[in-house]
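Chain by chain, the residues:
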2 protein chains.
Amino acid sequence: MSNLYLAVIGVGGVGQAFLSQVANLPSTLRPSLIFVSRSTKQLYNSSYSAVNASDLQSSSSKLLSLSELSSYLSSAPGKTILVDNTSSQDVADSYPSFLSAGVSIVTPNKKAFSSNLKLWNDIFSAVDSSNGKALIYHESSVGAGLPVISTLKDLIATGDQVTRIEGVFSGTMSFLFNSFAPADGSGKGKWSEIVAQAKDAGYTEPDPRDDLNGMDVARKLTILARLAGLKVQAPDTFPVQSLIPEALASAKDSSEFMQRLPEFDGEMEAYKDQAAKQGKVVRYVGSVDVAAEKVKVGLEFVDQGSPIASLKGSDNLMCFYTKRYVANPLVIQGAGAGGEVTAMGVTADLIKALERLR
Amino acid sequence: MSNLYLAVIGVGGVGQAFLSQVANLPSTLRPSLIFVSRSTKQLYNSSYSAVNASDLQSSSSKLLSLSELSSYLSSAPGKTILVDNTSSQDVADSYPSFLSAGVSIVTPNKKAFSSNLKLWNDIFSAVDSSNGKALIYHESSVGAGLPVISTLKDLIATGDQVTRIEGVFSGTMSFLFNSFAPADGSGKGKWSEIVAQAKDAGYTEPDPRDDLNGMDVARKLTILARLAGLKVQAPDTFPVQSLIPEALASAKDSSEFMQRLPEFDGEMEAYKDQAAKQGKVVRYVGSVDVAAEKVKVGLEFVDQGSPIASLKGSDNLMCFYTKRYVANPLVIQGAGAGGEVTAMGVTADLIKALERLR
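Residues numbered from 1 in each chain as written. Chains lettered and ligands numbered in written order. Predicted model: local features only at pLDDT ≥ 70, side-chain atom pairs only at ≥ 80, totals over all residues. Heavy atoms only, no water.

A word on the relation of the copies chain B and chain A. Superposition of chain B onto chain A requires a rotation of 180° combined with a translation of 0.0 Å along the rotation axis, giving an RMSD of 0.0 Å. Taken together, the rotation and translation describe the operation of a two-fold axis. Comparing interface residues between copies, 100% of those in chain B also sit at the interface in chain A, which points to an isologous, same-surface contact. (Least-squares fit on C-alpha atoms with pLDDT ≥ 70 in both. Contact = heavy atoms within 4.5 Å.)

Strand order in the open sheet formed by 10 strands is β9(A)-β8(A)-β7(A)-β10(A)-β11(A)-β11(B)-β10(B)-β7(B)-β8(B)-β9(B), with antiparallel pairing between adjacent strands. Two strands in the sheet have a free side with no partner beyond their single neighbour: β9 (294-303) of chain A together with β9 (294-303) of chain B. Here the strands of the sheet are splayed against their neighbours by 20° on average, with no regard to which way each runs. Of the strand pairs in this sheet, strand β7 (residues 162-168) of chain A and strand β8 (residues 280-289) of chain A are connected by four bridges, and their pairing is antiparallel. Residue pairing across strands places E166 of chain A opposite S287 of chain A, the latter belonging to β8 of chain A. Running at roughly 90° to strand β8 (residues 280-289) of chain B, helix α13 (residues 265-277) of chain B makes contact with β8 and β9 of chain B of the sheet. (Pairing = 2+ DSSP bridges. Helix = DSSP H or I, 4+ residues; strand = E, 2+ residues; numbered from the N terminus. Axes fitted to C-alpha atoms, helices over the stretch in contact; angles between N-to-C directions.)

Attention shifts here to the packing of helix α8 (residues 171-180) of chain A against helix α9 (residues 191-200) of chain A. Residue and element names in this part refer to chain A. Direction vectors running N to C along α8 and α9 enclose 135°, while the axes themselves pass 10 Å from each other. Between α8 and α9, the crossing angle belongs to the class labelled oblique. As for how α8 packs across α9, the hand of that crossing is right-handed. Facing F175, L176, F177, S179 and F180 of α8, the residues of α9 in contact are W191, I194, V195 and A198. (Parallel < 35°, antiparallel > 145°, perpendicular 65-115°, else oblique. Left-handed = near helix turned anticlockwise from the far one by under 90°.)

Our next topic: the nonpolar core. Core analysis: the largest hydrophobic core is formed by 174 residues, its most contacted members being L73, F177 and W191 of chain A together with L73, F177 and W191 of chain B. When neighbours within four sequence positions are excluded, F177 of chain B is seen to be in contact with P182, W191, L243, M268, V282, R283, Y284 and L299 of chain B. By size, the runner-up hydrophobic cluster in this structure holds 28 residues, among which are V22, L33, L56 and I81 of chain A. (Core = buried A, V, L, I, M, F, W, Y, C linked by side-chain atoms within 4.5 Å. Buried < 20%, exposed > 50% of the residue type's maximum accessible area, 1.4 Å probe, protein only.)

Let us now look at the UniProt feature "domain: Aspartate/homoserine dehydrogenase NAD-binding" (unreviewed entry) in chain A. Per the UniProt entry, the sites bearing "domain: Aspartate/homoserine dehydrogenase NAD-binding" (unreviewed entry) are residues 10-133 of chain A in this numbering. Summarising residues 10-133 of chain A: 39% helix, 16% strand, and an end-to-end C-alpha distance of 24 Å. (UniProt positions renumbered as here; feature names shortened; annotations may be inferred.)

Turning next to helix α2 (residues 66-74) of chain A. All names here are of chain A. All of the buried residues along α2 are L69, S70, Y72 and L73. Viewed along the axis of α2, the buried residues span an arc of 165°, placing them on a single side of the element. Next to the buried residues of α2 lie β1 (4-9), β2 (32-38), β3 (41-44), β4 (79-84) and α4 (95-100). (Arc of directions from axis to C-beta.)

Glycine aside, residues mostly have negative phi, and peptide bonds are mostly found in the trans state. Look at A144 of chain A: it is not a glycine, yet its phi comes out positive at around 50°. You can see A144 of chain A is positioned in the loop between β6 (136-137) and α7 (149-157).

Time to look at the environment of I308 of chain B. Looking at the element boundaries, I308 of chain B is found in the loop between β9 and β10 (315-322). For I308 of chain B and D236 of chain B, which are 72 residues apart along the polypeptide, the C-alpha to C-alpha distance reads 25 Å.

Summary: where empty space remains is shown by rolling a probe the size of a single water molecule over the atoms. All told, the structure shown has two cavities of 30 Å³ or more when counted by the stated rule. Quantified by volume, the largest cavity comes out at close to 230 Å³. Looking at the largest cavity, it is lined by 22 residues, and the ones nearest its centre are P147 and S150 of chain A together with P147, S150 and D154 of chain B. Split into classes, the residues belonging to the lining of the largest cavity amount to six nonpolar, eight polar and eight charged. For the second largest cavity, the calculated volume is near 40 Å³. In this structure, the second largest cavity is lined by V168, M173, S174, F177, N178, R283, Y284, I308 and L311 of chain B. Sorting the residues of the lining of the second largest cavity by element identifies α8 (171-180) and β8 of chain B as the ones contributing at least two each. By residue number, the principal contributor to the lining of the second largest cavity is α8 of chain B, which donates four residues. In terms of residue class, the lining of the second largest cavity is made up of six nonpolar, two polar and one charged. (1 Å grid on protein atoms, 1.4 Å probe; cavity = no way out; pocket = protein on both sides within 12 Å on 5 of 7 lines; lining within 4 Å. Points joined across faces, edges and corners; volume = space filled by probe spheres on them. Nonpolar A, V, L, I, M, F, W, Y, C, P; charged D, E, K, R; others polar.)

Here is the structure:
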């Protein structure tokens, strides 16, 4: 068995939950933590001996650049797995060089897999040419701990053909629409009020526009579409309906945006009423039509009795229609956001990587 | 990289689909087939060179006993994975000796994991003491290719606590009740007629009593309960409601059973009516209450709007309630039977084993 080393970038909500899950792994499986960092601090040593994440705050280690970190990790006397718990584009951009240096990567960071197609190709070429030495796992990049990526990969690896993927891919959007237009026809307030409540409860990003612009969903659909075989160039190369009213695109900050959002409640109310007249409800849905090579994100009217309409809370729901699951899709549903469940996907991926590398 | 060898027992519906999926794996991953068998034929050679499954019928290889097979496979010049595509108790009983000899196992065979607890313990002790040399994967033992076992294992391995598992675990039962008592209140015939139709369409076992006795569901619940930490001694040590009327228990064969089943249509109709009066529908449900250490299989009345009531065709549905997925469960839904989807679970497991062993 090889020595197995762990490096962790990012110790926010997901990172903390991840470290605590790793601390509870059986000692036979637990890798040795040799590097941990947050934005302005790093903790490591030149002898590759184990560090304690709780010493990070008081660390005076010299800050390594990403390329210095890659050298440091690839020189470790064993195999190293880098866990990137950030949503940083810079870190994501450096994955190909980490992988080429033989460092495996486990991450919930969507940016690596949903930015330009070149980065995607560079990442997977580096993995392929490593001959099993450098692995990459990213279950939590879509649906947090829900088994979405692994299931899609298994379908394809065993020769199935995915024809269509659709569902609700944002916990925030799910919460907003389940509250605004519940399947039972009851309403729970005006659109702007519900957005404000969600913001106050921490269910949206600090600036709700980062959810309402649809880009989070577009990034997830980009990942799934690419796994299903489509060459999606970037998440802004297919139709994504933003829920930021055009007139508010220039709002100078989130508080101006929130203040003026009530002016547009009528628009959302009209969608809701129009759907209700058809026995439907409005939802924010993403879909990939593989044969037609079409990816689409935006508002749709769905049947009141459908699984999407019946979602609760901030649950995600993903449907895979394939050559094998043809009449009824393979469906995965559950919480698609939150520190613990996102960390669970990362930790489960880490275990898979450890099992393969040891 | 080690030489990787594959041995396959059972080439029926699942076995054929599996072999065809394996034939389409990339050559870099595909193991060398050194043994294939069906009930009365075996094909292998003393030099461990690759065999062609299509030559099985005309093979004149001397039949090996299971213990001779174990010796043959463990002497191969590389690592070997045995795929058991049967539902044989004898083969299942021999897993501990294969594993102890360093042979990994991939299988949809429920018997190995749902018979007496000693066999379960022997299997997993053999895996543990092999130090990563002998692996076991059995995704398709519950829900065919649906990611049920892997998800439950990931939840537990990452420190989650499963509190409750419930759902519809039999494609046959799902089809029967979705037809007999659809959520929209329409009925599609008498119970005995629906059983007869299902039998004619091949949706039941050749003898429908093998589905109606509930033991298939009981075996699946045994597996899930054990994974969740309960020491279930055997699938007949908790309440399992048989849908074989007591008066028909002594029917001498399935045709006498089918002939007399209409006498009991009134009983099932009464369940249906009683449920309808409560705004519910009757379904055949399995559940594991982990805290109370209770496993239960039988008829339940579920809300007309619930996911279980809304199932279509012969779909399965599994809900996992855990410390993390607390308000809304993690749900997996889709076809839970059929050669192609069962084989998919087996092939995906094989890939995971190959990736770890190479």
